[in-house]
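Here is how the chains run, residue by residue.
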Amino acid sequence: MKDIIVTLAEIVNNFHDVIIDLVGLQMTDKQLHFWIIGIIGIVTFFVVYLFFKIVEAMKWSITILSFIYTFTVMVVLVFAIELQQAITNRGNMEFADAVMGLWGFLVFFMIYAFVAIIIYILVKFFKKE
């Protein structure tokens with residue numbers, strides 16, 4: 001996982017240099033972060049907003065949105081734990097660990113969804129009579 005983070009850092013640094021060269025302005029790191037993160041953030045907001053408007057029209061939209069939000073939090077948490085392991089040298093920082101942690105959440109969510117669907121079907125079946 002350290003190799004992945006180093007590679008991503010190199011990509012970001014190269015992207016930083018390309019932006020500075022293309023724009024031709026000498027910006028401080030803070031100014032560059034202001035513009036790049038601001039643009040990425042607002043574009044992401046509009047994409048997420050459109051996606052959530054589509055989900056809103058679906059049945060069980062709150063469940064879907066709750067899953068998306070929880071999965072996002074879990075991704076951040078898993079990578080924060082892996083980074084903490086690298087910083088403190090307690091445990092191995094591996095991408096596979098992060099993936100397995102997310103699989104754990106997905107498996108537990110699938111069990112929940114299966115149980116919820118069974119209960120939903122049973123309630124629908126017994127309400128008809």
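Quick note: structure is the one above.
Cut-offs used in this document
- Residues numbered from 1 in each chain as written.
- Predicted model: local features only at pLDDT ≥ 70, side-chain atom pairs only at ≥ 80, totals over all residues.
- Heavy atoms only, no water.
- Helix = DSSP H or I, 4+ residues; strand = E, 2+ residues; numbered from the N terminus.
- Rg over C-alpha atoms; globule rule 2.2 N^0.38 Å.
- Contact = heavy atoms within 4.5 Å.
- Areas by Shrake-Rupley, 256 points an atom, 1.4 Å probe, with all protein chains shown as cover.
- Expected span 1.5 Å × (residues − 1).
- Buried < 20%, exposed > 50% of the residue type's maximum accessible area, 1.4 Å probe, protein only.
- Axes fitted to C-alpha atoms, helices over the stretch in contact; angles between N-to-C directions.
- Nonpolar A, V, L, I, M, F, W, Y, C, P; charged D, E, K, R; others polar.

What exactly am I supposed to notice about the overall build of the chain here?
A tally of regular secondary structure across the chain gives four helices and zero strands. For the chain, the sequential pattern of α-helices and β-strands runs α-α-α-α. A compact globule built from 129 residues should have a C-alpha radius of gyration of about 14 Å, whereas the chain, at 21 Å, is more than 25% larger. Across its three principal directions, the C-alpha atoms of the chain cover 75 × 40 × 15 Å. Expressed as a percentage of contacts within the chain between residues at least 6 apart in sequence, the contacts between residues at least 24 apart total 44%. Accessible surface for the chain amounts to roughly 10600 Å². Of this, 75% is attributable to carbon and sulfur atoms.

Can you help me understand helix H3 (residues 61-88) in this one?
Along an α-helix, a turn takes 3.6 residues, which lines up residues three or four apart on a common side. Look at H3: 40 Å from first C-alpha to last across 28 residues, which is about the 40 Å you get at 1.5 Å a residue. Every buried residue of H3 is listed here: Ser61, Val78, Glu82 and Gln85. Residues of H3 that are buried make contact with helix H2 (29-56) and helix H4 (95-128). Note on H3: the residue one or two positions beyond its end, Asn89, has a positive phi of about 60 degrees.

Is there a simple way to explain the packing of H2 against H3 in this structure?
Packed helices, taken two at a time, are described by the angle their axes make and the gap between the axes. Running from N to C, H2 and H3 point in directions that differ by 145 degrees, and their axes come no closer than 8 Å. From H2, Phe51, Phe52, Val55 and Glu56 reach across to H3, where they touch Ser61, Ile64, Leu65 and Ile68. Residue composition of the contact of H2 with H3, grouped by class: six nonpolar, one polar and one charged.

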